[in-house]
Amino acid sequence: MLRYKKMWIVLGILIGIGVLWYLILYRKINPDNYFVKKLDTIPFTHLYVNDYAGSLTITPGIGERYYYKSAGKVRISMNFDYLLFDDEYAFKIDGDNNFILIQLSNNQSFVLGKVVEKSIQDFHSTDYYAIEIPKGYQANYYFKKGIFPFYVPVQFTMMTSGGLKYSSEYLTEIATPKGNTLRLYYNYGHIPEGEPTGVY
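Procedures and definitions
- Residues numbered from 1 in each chain as written.
- Predicted model: local features only at pLDDT ≥ 70, side-chain atom pairs only at ≥ 80, totals over all residues.
- Heavy atoms only, no water.
- Helix = DSSP H or I, 4+ residues; strand = E, 2+ residues; numbered from the N terminus.
- Buried < 20%, exposed > 50% of the residue type's maximum accessible area, 1.4 Å probe, protein only.
- Contact = heavy atoms within 4.5 Å.
- Pairing = 2+ DSSP bridges.
- Axes fitted to C-alpha atoms, helices over the stretch in contact; angles between N-to-C directions.
- Salt bridge = Lys/Arg side-chain N within 4 Å of Asp/Glu carboxyl O.
- Phe/Tyr/Trp six-rings, centres within 6.5 Å; stacked < 30°, edge-to-face > 60°.

*Asks:* Could you give an account of the side chain of threonine 57, naming the residues involved and the relevant values?
*Replies:* Here threonine 57 shows up in strand β4 (residues 55–60). Residue class for threonine 57 comes out buried when judged on its relative accessible area of 11%. Apart from the residues lying within four places of it in its own chain, the contact partners of threonine 57 are Tyr48, Val49, Asn50, Tyr52, Asp81, Tyr82 and Leu83.

*Asks:* How would you summarise the pairing of strand β9 (residues 98–103) if you had to cite specific residues and measurements?
*Replies:* Within β9, 6 of the 6 residues are buried, which leaves the element mostly enclosed by the surrounding structure. By the bridge criterion, 5 bridges tie strand β8 (residues 89–93) to β9 in an arrangement that is antiparallel. From the neighbouring strand, lysine 92 faces β9, where its bridge partner is isoleucine 100. Hairpin remark: β8 followed by β9, antiparallel, with 4 residues in the connecting loop; positive phi at asparagine 97, about 70°. Bridge count between β9 and strand β10 (residues 108–121): 6 bridges; the pairing is antiparallel. In the sheet register, isoleucine 100 faces β10, and the bridge partner there is valine 111.

*Asks:* Explain the sheet that holds strand β3 (residues 46–52) to me, and be specific about the residues and the numbers.
*Replies:* Taken in spatial order, the 7 strands of this open sheet run β7-β4-β3-β11-β10-β9-β8, and their pairing is antiparallel. Only two strands of the sheet have a single neighbouring strand rather than two, namely β7 (82–85) and β8. Sheet twist, expressed as the mean angle between neighbouring strand axes with direction ignored, is 35°. With 4 bridges connecting them, β4 and β7 associate as antiparallel partners.

*Asks:* So what's going on with the pattern of salt bridges? Residues and values would help.
*Replies:* Two side chains bearing opposite charge may form a pair once their charged atoms approach each other closely. Within the structure shown, the criterion is met by 3 salt bridges. Notably, a salt bridge pairs glutamate 169 with lysine 144, separated by 3.5 Å at the nearest N-O pair. With glutamate 169 in strand β15 (residues 168–175) and lysine 144 in strand β12 (residues 138–146), this residue pair connects regions lying 25 residues apart in the sequence. Looking at lysine 144, the relative accessible area reads 23%, which means it is partly exposed. The salt bridge partner of glutamate 173 is arginine 183, with a shortest N-O separation of 2.8 Å. On the criterion of sequence distance, the pair formed by glutamate 173 in strand β15 and arginine 183 in strand β16 (residues 181–188) is long-range, its members being 10 residues apart.

*Asks:* Mind laying out the environment of serine 55, listing which residues take part and the relevant values?
*Replies:* In this structure, serine 55 sits in strand β4. On the basis of relative accessibility, which here comes to 10%, the residue serine 55 falls in the buried class. Considering only alpha carbons, one finds serine 55 and tyrosine 89, 34 residues apart in sequence, at a separation of 8.3 Å.

*Asks:* I'd love a proper account of the pairing of β4, names of residues and values included.
*Replies:* Walk down a regular strand and you will see the side chains alternate between the two sheet faces. The buried fraction of β4 amounts to 6 of the 6 residues, a majority that puts the element mostly inside the structure. When β3 meets β4, the two strands line up antiparallel, connected through 6 bridges. Note on β4: the bridge partner recorded for tyrosine 48 is threonine 59.

*Asks:* Give me the packing of aromatic side chains: which residues, what numbers.
*Replies:* Taken as a whole, this structure holds 14 aromatic pairs when the rule is applied. Judged by centre distance (6.3 Å) and plane angle (5°), the ring pair of tyrosine 48 and tyrosine 128 falls under stacked. Linking tyrosine 48 in strand β3 with tyrosine 128 in strand β11 (residues 126–132), this pair joins segments that are 80 residues apart in sequence. Its relative accessible area of 30% is what places tyrosine 48 among the partly exposed residues. Ring geometry for phenylalanine 80 against tyrosine 186: centres 4.7 Å apart, planes inclined by 25°, an arrangement best described as stacked. Residue phenylalanine 80 is found in the loop between β6 (74–77) and β7, and its partner tyrosine 186 is found in strand β16; the two are separated by 106 residues along the sequence. Exposure remark for phenylalanine 80: the relative accessible area of 18% places this residue in the buried category. Chaining the aromatic ring pairs together yields one cluster made of Phe80, Tyr82, Phe143, Tyr170 and Tyr186.

Everything listed is a geometric property; what it means functionally is a separate question.
So, in structure tokens, the structure goes:
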């Protein structure tokens, strides 16, 4: 009798673990509220901008940085290109070669820094700008990754894929000595969202 009792206890524990894993995978329970991997803050001194038709991308110059999982067997790039659309943001380059980003909703501007290189990217047919951030600025990159995966249904299209995914958060903050801040933000998955991209 004791043997069967232990068997039922073990079975009950296994069923409970299975139910808990199902709830986590489908985010009925969200562990990303509490369990995330935060990497050390990465300071940087340059930004890279590509001007596309209808949008531009801003990439912080953090170099080739990677996040490792599965005991170091899987390598994930931490680099991120922030996408800003032309109906929300514009830019200009002034007489001192400063790259100025303009938030169209309130016409607020932010000087990113001095353009140190400009070229045309033949592959994308875009204007490319390398920008040096002024020395008095504070420019930092923050990265978070969820520890537990969530399930995304498989969709048979060219642009999407399903399976197990991990939540992630990419945040860049550039602050001037006067306290003005450009915040570039992207969130994927189920990490609670922070303040959106904008000039503050």
